[in-house]
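# A closer look at the structure
Here is how the chains run, residue by residue.
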Amino acid sequence: MRISFLLLTASLCALVLLLAPASEGCGPGRGYGKRRLPKKLIPLAYKQFSPNVAEKTLGASGRPEGKITRNSERFKELTPNYNTDIIFKDEEDTGADRLMTQRCKDKLNSLAISVMNMWPGVKLRVTEGWDEDGHHSEDSLHYEGRAVDITTSDRDRNKYAMLARLAVEAGFDWVYYESKAHIHCSVKSEHSVAAKTGGCFPGDAQVILEGGATKQMRDLHPGDRVLASSATDGHGPLLYSPVLSFLDRQPNVTKIFYIIGTNAGLNITLTAAHLIFVTDCTGGPSEREETAEEPLSGSVRGGRPGRGAGLRTVFASEVRPGQCVLTPQGKVGSQGTLSVVTFVEERRTTGLYAPLTQHGSIVVNGVLASCYAAVDNHHLAHWVLAPLRFFYSLMGPSEPQTDGLHWYPWLLQRLGQMLLDAGHFHPWGME
């Protein structure tokens, strides 16, 4: 009885939280008339950088992708910045300092507005932009138009610490109070930004419906029953699980997807931060060739554990050839088989879809994947989304929400960033 009471209490609390956004939209209510206090801006210290990781890591601006010259194919990635609110030093008199990637341009233009708001009459000044003359270190992002060195137009060095903070707030992916004479800022490549998303499948991905028919992801609706695993860890027999809602749904967005191919001829396509069930295959290449597929079990072959041992979820970007993924045969009540990953490729395609099933997994293009993304723990994601699944199972599946990320996982991401170490999140998983 006590357990039932606790479950009821927890369920009621969850419902209050779930219904809160609807009530907030009805009117100002108490407290809504108060003005929010402006955010306190803390200047960066000399030699401090933000975020507190190396510039060329995924958590900051990412790896360099090679120098861009005027004769290279990638030169078209650079765009000139003619913003009159920015002063470009352009000491080479070639216009090179005005050339940058679109992302760098957007952040720079945003920063220019902040500078004028902070210090009326003062403008943002760029001393170094794209470098075509080899004046920086070998792997500098200046060679790709992804970095700028900045000051204020009045060259007042007392302003530079705050200028660095304004650059962080403007959205630069890495800001460094590098020198008493300037601030260094850089951004991610356009490629990595295209890959950045929570976790989704493309619109042409296929699922198996109850009855055996297939349907493309773009045509899937809440209430459809799709093939999934009955167990959270992926070991359970297959069943048809109802689609409750979409955690993310953006039909017109183009992103970078990972294609994971198997020796069974089944290929699954999903974004970098999406979770997928894998295990480390045992046996050498010859054994893998002899057994294209193996039942998921703890059987012993030649005195060694079968490939079902150690099944776990990893980010799609971490899957490597030679590992095994689950490839269910579409028979309800049976367990999946394991197929060896033979290749991992990238593809740019349009449409982002992340359906949420009652059991937290889904078979896509014949391969079992998690419904979750961004955080590295499938069990944790399944647990924290229990209130949402309970709500939809109680009230019935919802029609797809307005295109974009569902508010509940959005809230969980923000809470997770405050409560969990950054190492638990995929660097491309947070929008």
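As shown above, the structure is provided for reference.
Thresholds, definitions, all that
Residues numbered from 1 in each chain as written. Predicted model: local features only at pLDDT ≥ 70, side-chain atom pairs only at ≥ 80, totals over all residues. Heavy atoms only, no water. Helix = DSSP H or I, 4+ residues; strand = E, 2+ residues; numbered from the N terminus. Buried < 20%, exposed > 50% of the residue type's maximum accessible area, 1.4 Å probe, protein only. Contact = heavy atoms within 4.5 Å. Axes fitted to C-alpha atoms, helices over the stretch in contact; angles between N-to-C directions. Parallel < 35°, antiparallel > 145°, perpendicular 65-115°, else oblique. Left-handed = near helix turned anticlockwise from the far one by under 90°. Nonpolar A, V, L, I, M, F, W, Y, C, P; charged D, E, K, R; others polar. Pairing = 2+ DSSP bridges. Patch = residues over 30% accessible without salt bridge, like charges linked within 9 Å, V, L, I, M, F, W, Y side chains within 5 Å. Areas by Shrake-Rupley, 256 points an atom, 1.4 Å probe, with all protein chains shown as cover. Salt bridge = Lys/Arg side-chain N within 4 Å of Asp/Glu carboxyl O. Polar contact = N/O pair within 3.5 Å; in protein donor to acceptor, adjacent residues only side chain to side chain. Core = buried A, V, L, I, M, F, W, Y, C linked by side-chain atoms within 4.5 Å. Phe/Tyr/Trp six-rings, centres within 6.5 Å; stacked < 30°, edge-to-face > 60°.

## Here we look at the overall build of the protein
A tally of helices and strands in the protein yields 8 helices and 23 strands. Within the protein, the fraction of its 431 residues that count as buried is 48%. Relative to all contacts within the protein whose residues are 6 or more apart in sequence, the contacts with residues 24 or more apart total 69%.

## Focus on the packing of helix H2 (residues 102-118) against helix H3 (residues 160-170)
Each pair of packed helices can be summarised by the angle the axes make with each other and by the distance between the axes. One can describe the packing of H2 onto H3 by two numbers: an axis separation of 9 Å at closest approach and a directional angle of 135°. Considering their axes alone, H2 and H3 lie oblique with respect to each other. The hand of the H2/H3 crossing is right-handed. On H3, the residues that touch Lys107, Ser110, Leu111, Ser114, Val115 and Met118 of H2 are Met162, Leu163, Leu166, Ala167 and Ala170. Here the contact of H2 with H3 is built from residues that sort into 8 nonpolar, 2 polar and 1 charged.

## Things to note about the pairing of strand E8 (residues 182-186)
Counted residue by residue, E8 has 5 buried out of 5 residues, so it is predominantly covered. In terms of strand pairing, strand E6 (residues 147-152) meets E8 through 4 bridges, oriented antiparallel. Residue pairing for E8: Val148 is matched across the bridge by Cys185. The pairing of strand E7 (residues 174-179) with E8 spans 4 bridges and is classified as antiparallel. Its bridge partner lying in E8, Ser179 is registered against His182. Hairpin connection, E7 to E8: the antiparallel pair is bridged by 2 residues.

## Looking at a nonpolar patch on the surface
Together, Phe390, Leu394 and Met395 give the surface a local cluster of nonpolar side chains, amounting to about 310 Å² of exposed area. When you line up the elements, Met395 lands in helix H7 (residues 386-395).

## Points about the environment of Thr262
Among the secondary structure elements, Thr262 is positioned in strand E12 (residues 238-262). Residues Thr262 and Cys324, 62 residues apart in the sequence, show an inter-C-alpha distance of 8.3 Å. There is a polar contact of 2.9 Å between the side chain of Thr262 and the backbone oxygen of Leu266.

## Concerning the side chain of Ser189
Here Ser189 lies in the loop between E8 and helix H4 (190-195). Taking the relative accessible area as the measure of exposure, Ser189 reaches 4% and is therefore buried. Apart from residues lying up to four places away in sequence, Ser189 is in contact with Ser61, Glu65 and Arg146.

## Details of the sheet that holds E7
Judged by pairing direction, the sheet is mixed, and its 6 strands sit side by side in the order E1-E7-E8-E6-E5-E3 without closing on themselves. Only two strands of the sheet have a single partner each, and these edge strands are strand E1 (49-50) and strand E3 (86-88). Together, E3, strand E5 (124-128) and E6 form the strand contacts of H2, whose direction differs from that of E5 by roughly 140°.

## With respect to the nonpolar core
Within soluble globular proteins, side chains that are nonpolar generally end up buried alongside one another. Residues Phe201, Ile268 and Ile276 are the most contacted members of the largest nonpolar core, which totals 42 residues. Elements supplying a minimum of two residues to this core: E12, strand E13 (267-270), strand E14 (274-280), strand E18 (312-315), strand E20 (337-357), strand E21 (361-364), strand E22 (367-373) and H7. Examining the composition of this core, we find that 6 residues originate from one element, E12, more than from any other. In this structure, Met100, Val115, Trp119 and Leu163 belong to the second largest nonpolar core, which totals 29 residues.

## Side note on the environment of Gly261
Secondary-structure assignment places Gly261 in strand E12. Here Gly261 falls in the buried class, since its relative accessible area comes to 0%. Distance from Gly261 to Phe343, taken between C-alpha atoms, is 5.2 Å for residues 82 residues apart in sequence. Leave out the neighbours within four places in its chain, and Gly261 touches Leu266, Asn267, Val340, Val341, Thr342 and Phe343.

## Points about the packing of aromatic side chains
Each aromatic ring pair is described using two quantities: the centre-to-centre distance and the angle formed by the ring planes. Following the criterion strictly, the structure yields 7 aromatic pairs and no others. On the basis of an interplanar angle of 35° and a centroid distance of 5.4 Å, the ring pair of Phe49 and Trp174 is categorised as tilted. You can see Phe49 sitting in strand E1 and its partner Trp174 sitting in strand E7, a full 125 residues away along the chain. On the basis of relative accessible area, Phe49 is assigned to the partly exposed category, the value being 28%. On the accessibility criterion, Trp174 (6% relative accessible area) is buried.

## A look at the pattern of salt bridges
In this structure the tally under the stated criterion is 15 salt bridges. The salt bridge involving Lys76 is made with Glu73; its shortest N-O contact spans 2.9 Å. Across this residue pair, the class does not change: Lys76 and Glu73 are exposed. Notably, a salt bridge pairs Arg103 with Asp173, separated by 2.9 Å at the nearest N-O pair. Of the two residues, Arg103 sits in helix H2 while Asp173 sits in the loop between H3 and E7, which places them 70 residues apart along the sequence. Considered together, Arg103 and Asp173 belong to a single accessibility category, that of buried residues. Linked through salt bridges whose partners overlap, the residues forming this network are Glu65, Arg74, Glu77, Glu144 and Arg146.

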